[in-house]
Amino acid sequence: MTKKLFVKTYGCQMNVYDSARMADVLAAHGYASVETPEEADLVILNTCHIREKAAEKVYSELGRLNRIKQARSSEGRRMMLAVSGCVGQAEGGELLRRAPFVDLVMGPQNYHRLPDLLRRAETRGVVDTEFPVESKFDHLPEARTGTAADNGVSAFLTIQEGCDRFCTFCVVPYTRGAEYSRPVTDVENEARRLIDLGAREITLLGQNVNAYHGAQRGGEFSLADLIRQLAELPGLERLRYTTSHPRDLSADLIAAHGDVAVLMPFLHLPVQSGSDRVLKAMNRQHTADHYRHLIGELRKARPDIALSSDFIVGFPGESKAEFEATLELARDVDYAQAFSFKYSPRPGTPAAEQGDQVPDGIKSERLDALQAVLARSQAAFNATMVGRTLPVLFERPGRHANQLLGRSPYGQWVHADMPGDYRGRIADILITEAHTNSLAGQAAAAANPGLAMAQAAGVAEGPPA
Ligand code: 5AD
Ligand code: SF4
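On a predicted model such as this, the values are computed, not experimentally measured, just so you know.

1. Let's talk about the site of ligand 1
Part 1: Neighbouring ligand 1 are Ile50, Arg51, Phe169, Gln272, Asp310, Ile312, Phe341, Lys342, Tyr343, Ser344 and Arg346.
Part 2: Within the side chain of Arg51, a nitrogen or oxygen atom sits 2.6 Å from an oxygen atom of ligand 1.
Part 3: Residue Phe169 places a main-chain N or O atom 3.0 Å away from a nitrogen atom belonging to ligand 1.
Part 4: When the free accessible area of ligand 1 is taken as 400 Å², the share hidden by the protein chains comes to 87%.
Part 5: Of all the elements in the fold, those that place two or more residues in the shell around ligand 1 are β15 (306–313) and β16 (337–342).
Part 6: Residues that form the shell around ligand 1 fall into these classes: five nonpolar, two polar and four charged.

2. As for the pattern of salt bridges
Part 1: All told, the structure shown has 32 salt bridges when counted by the stated rule.
Part 2: Arg113 serves as the salt-bridge partner of Asp128, at 2.7 Å between the closest nitrogen and oxygen. With Asp128 in strand β6 (residues 126–128) and Arg113 in the loop between β5 (104–106) and α5 (114–121), this pair connects stretches of sequence that are 15 residues apart.
Part 3: Accessibility expressed as a relative area gives 7% for Asp128, which makes it buried.
Part 4: A residue is classified by how much of its surface remains accessible, and Arg113, at 24% relative accessible area, is partly exposed.

3. Here we look at the site of ligand 2
Part 1: As a structural note, the neighbourhood of ligand 2 is formed by Cys163, Arg165, Phe166, Cys167, Phe169, Cys170, Val172, Pro173, His245 and Arg284.
Part 2: Considering only residue class, the shell around ligand 2 consists of seven nonpolar, one polar and two charged.

4. A few points about empty space enclosed by the protein
Part 1: Per the counting criterion, the structure on display carries one cavity of 30 Å³ or more.
Part 2: Computed from the structure, the largest cavity encloses a volume of approximately 40 Å³.
Part 3: Lining the largest cavity are Leu239, Arg240, Tyr241, His257, Leu263, Met264 and Phe266.
Part 4: Within the lining of the largest cavity, the residues separate by chemical class into five nonpolar, one polar and one charged.

5. Remarks on α5
Part 1: Every buried residue of α5 is accounted for by Leu114, Pro115, Leu117, Leu118 and Ala121. The buried residues of α5 occupy an angular sector of 165° when the element is viewed end-on, so they sit on one face.
Part 2: Of the surrounding secondary structure, the elements contacted by the buried residues of α5 are α1 (13–27), β2 (31–33), β3 (42–47), β4 (80–84), β5 and β6.

6. Quick notes on the sheet that holds strand β10 (residues 201–205)
Part 1: The three strands lie next to each other as β7-β10-β13, forming an open sheet whose pairing is parallel. Strand pairing shows two members of the sheet lacking a second neighbour, β7 (154–158) and β13 (238–242), which therefore form its edges. Adjacent strand axes in the sheet meet at a mean angle of 25°, parallel and antiparallel pairs treated alike.
Part 2: Of the pairings in the sheet, the one linking β10 to β13 comprises five bridges and is parallel in character. Pairing of Ile202 across the sheet is with Leu239, part of β13.
Part 3: Docked against the sheet, α1 engages β7, β10 and β13, running at close to 90° with respect to β7.

7. A few points about the packing of aromatic side chains
Part 1: Under the defined criterion, the tally for this structure stands at five aromatic pairs.
Part 2: Summarising the aromatic geometry, the rings of Phe166 and Tyr174 are spaced 5.6 Å apart at their centres and angled 75° between planes, so their arrangement reads as edge-to-face.
Part 3: The partly exposed category is assigned to Tyr174, whose relative accessible area is 37%.
Part 4: Here the aromatic rings of Phe381 and Tyr410 are separated by 5.8 Å at their centres, their planes lie at 85°, and the arrangement is edge-to-face. Of this pair, Phe381 sits in helix α13 (residues 360–383) while Tyr410 sits in the loop between β18 (403–407) and β19 (413–417); the two residues are 29 residues apart in sequence, bridging distant segments of the chain.
Part 5: Residue class for Tyr410 comes out buried when judged on its relative accessible area of 6%.
Part 6: Above the ring of Tyr17, the side-chain terminus of Arg21 is found at 4.8 Å from the ring centroid.
Part 7: Note that Arg98 overlies the ring of Tyr59, its terminal NZ or CZ placed 3.7 Å from the centroid.

Reading the values: the criteria
- Residues numbered from 1 in each chain as written.
- Chains lettered and ligands numbered in written order.
- Predicted model: local features only at pLDDT ≥ 70, side-chain atom pairs only at ≥ 80, totals over all residues.
- Heavy atoms only, no water.
- Near = heavy atom within 4 Å.
- Polar contact = N/O pair within 3.5 Å; in protein donor to acceptor, adjacent residues only side chain to side chain.
- Areas by Shrake-Rupley, 256 points an atom, 1.4 Å probe, with all protein chains shown as cover.
- Helix = DSSP H or I, 4+ residues; strand = E, 2+ residues; numbered from the N terminus.
- Nonpolar A, V, L, I, M, F, W, Y, C, P; charged D, E, K, R; others polar.
- Salt bridge = Lys/Arg side-chain N within 4 Å of Asp/Glu carboxyl O.
- Buried < 20%, exposed > 50% of the residue type's maximum accessible area, 1.4 Å probe, protein only.
- 1 Å grid on protein atoms, 1.4 Å probe; cavity = no way out; pocket = protein on both sides within 12 Å on 5 of 7 lines; lining within 4 Å.
- Points joined across faces, edges and corners; volume = space filled by probe spheres on them.
- Arc of directions from axis to C-beta.
- Contact = heavy atoms within 4.5 Å.
- Pairing = 2+ DSSP bridges.
- Axes fitted to C-alpha atoms, helices over the stretch in contact; angles between N-to-C directions.
- Phe/Tyr/Trp six-rings, centres within 6.5 Å; stacked < 30°, edge-to-face > 60°.
- Lys NZ or Arg CZ within 6 Å of the ring centre and 35° of its normal.

Here it is, written out as structure tokens:
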């Protein structure tokens, strides 16, 4: 009999990937995904621990799910409740103590063992947060789903996991463990499979993805080598990768941005702070000038590259002048988009132990000031798109009939009314409006029907004279 699975995902794209892989593992054991926890025989919360109050949010969600679990149980039906991901890893047994109705707690490296863990959890609460000697990637079934959202057009593929950089604010090295790169053939096979399933765009994922060094025929491939190899796969139209560390941005990767056509002109390269003292205290191992230099090299290789970053404001000891250096860097780089956060002390990380924590009110003021700068850059970047024709890869239906949503090469969402089902296809879109977080446009052919007909008849290469 088919069992029903509901997975709720928090946090980063890697968790989205992990949730898809958990569904694959369980599909092989008779589980089908459903839309609501009320229908489910098994609910998994795939959690995130990166910032503020993550664990508290999980506990309150668990309380809500327990009421559903009790209601089902009074009807004589069992609902298993599992917590996976980084809160599972960080809390471990404490989670079962605080929420004894939970059946299973596991870390991000253990979900290939799900069927076995669930069997054991039938009789008593189980915790598995050991870092296993085997790699989960060697024990997962082939991908059945590669979805970034609910469409298969843009897929995530984890190629590297864990981190050895130990930034002093970050829990990732503790929750995801030591850095590991998947062998090239594994990555390539999974990419082929995702393409067979309908993916046209693949985003290569890793906590520190540009530190990738995957085994390949007795040697090693860098991320740039891997990108060049994957670029040859038939059917793959677009490649992206995230998240990168400035210290691991090699010259060959920068060069790839200049000469690999399927590599999209977009890079998320977190800088965190514009102050050298703060960068040092964060253990980022580079200066603000080095970051600026990298941006210059990237723009030389690919002049239109759109840049994105993460920032932390209010790191322990951050002075007003140090924060202003961050504002200055943000203005100088002129990001196409960026994420910014108030520093949040993570238990067990070095920065959390520092005595000179910045008061929350100051963090909030700094966050507002930085976000104002970043929003202005983003709006200006989007505004430059109006009047341009961009190749848009359509992924899913929009809000009203005929409207589709897709992404530009620079990563912006684009809404357009399309004359047919263009999902999974790239079409030239004339951009007519820019909003804060998206663009709107119309099929370039619709804007110039004479040209479209001539092109369809194969008589015109470019615009009419
Ligand atoms: N506090 C605030 N932001 C954090 N990040 C990571 N750890 C913390 C923390 N303790 C941010 C960083 C990172 C992004 C994924 O989350 O900016 O790049
Ligand atoms: Fe965390 Fe990224 Fe630093 Fe690794 S490089 S410790 S994942 S912020």
